[in-house]
Amino acid sequence: MPQARARKSDSHRCPECGAGFEVTYFDDRTGERALLPMTIARAACPACGHSRSVSLPAGAERTVQVELSEGIEADEGGGG
Ligand SMILES: [Zn+2]
C-alpha cells in the first residue's frame, strides 16, 4: 500500500510565556477519512508546559509532536 503521509506543521505562540513553538503532525487522511471534521487536541508548551488547544485533522492528534521554534533569542555570554 502506498503511504501518502504528509508531515505538516503549525506555528503557535504560548499565551503564557510567549515562546514560539511548532506543532507538527502527520496528516494521513485518505479516502473517506478525509471527510472527517477537524478535531481539537491539546498541545503543551515545551517551554513552560502550559497546554493550549489546537485544531488538527481527525486522527492527526495521535502523531502530534511539539518543538520549540528555531530562532529563539538566546543570550550567549562571553566574547571579547
Ligand atoms: Zn509557555
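Definitions and cut-offs
Residues numbered from 1 in each chain as written. Predicted model: local features only at pLDDT ≥ 70, side-chain atom pairs only at ≥ 80, totals over all residues. Helix = DSSP H or I, 4+ residues; strand = E, 2+ residues; numbered from the N terminus. Buried ≥ 20, exposed ≤ 12 C-beta atoms within 10 Å, placed from the backbone. Contact = placed C-beta atoms within 7 Å. Pairing = 2+ DSSP bridges. Axes fitted to C-alpha atoms, helices over the stretch in contact; angles between N-to-C directions.

1. Things to note about the overall build of the protein
Phase 1: Of regular secondary structure, the protein possesses zero helices and five strands.
Phase 2: In sequence order, the secondary structure elements of the protein are arranged as β-β-β-β-β.
Phase 3: For the protein, with 80 residues in total, the buried portion stands at 9%.
Phase 4: Pairs at least 24 residues apart make up 49% of the contacts formed inside the protein by residues separated by at least 6 positions.

2. Some details on the sheet that holds strand 2 (residues 20-27)
Phase 1: Pairing is antiparallel in the open sheet, where three strands are placed in the order 1-2-5. At either end of the open sheet lies a strand with only one pairing partner, and these are strand 1 (6-13) and strand 5 (65-68). Ignoring strand direction, the axes of neighbouring strands in this sheet form an average angle of 25 degrees.
Phase 2: As paired strands, strand 2 and strand 5 are joined by four bridges and run antiparallel to one another. Within the sheet, the bridge partner assigned to Val23 lies in strand 5 and is Val66.

3. Thoughts on the pairing of strand 3 (residues 39-44)
Phase 1: The pairing of strand 3 with strand 4 (residues 51-56) spans six bridges and is classified as antiparallel. Note that in strand 4 the partner of Thr39 across the bridge is Leu56.
Phase 2: The antiparallel pairing of strand 3 with strand 4 creates a hairpin that spans six residues between the two strands, and Gly49 there sits at a positive phi of about 85 degrees.

4. As for the pairing of strand 1
Phase 1: Here eight bridges tie strand 1 to strand 2, and the two strands are oriented antiparallel to one another. By the bridge assignment for strand 2, His12 is matched with Phe21.

5. A short note on the environment of Cys45
Phase 1: If you trace the backbone, Cys45 turns up in the loop between strand 3 and strand 4.
Phase 2: Sequence spacing of Cys45 and Arg13 is 32 residues, and the spatial spacing of their C-alpha atoms is 8.5 Å.
Phase 3: Discounting chain neighbours no more than four positions away, the residues touching Cys45 are Cys14, Glu16, Cys17, Ala19, Phe21 and His50.

6. Some points on the environment of Thr39
Phase 1: Within the secondary structure, Thr39 is located in strand 3.
Phase 2: By C-beta crowding, Thr39 is classed as partly exposed, having 13 other C-beta atoms within 10 Å.
Phase 3: Taking the C-alpha atoms as reference points, Thr39 and Gly59, separated by 20 residues in sequence, lie 8.0 Å from one another.
Phase 4: Non-local contacts of Thr39, meaning those with residues more than four positions away in its chain, are made with Leu56, Ala58 and Glu61.

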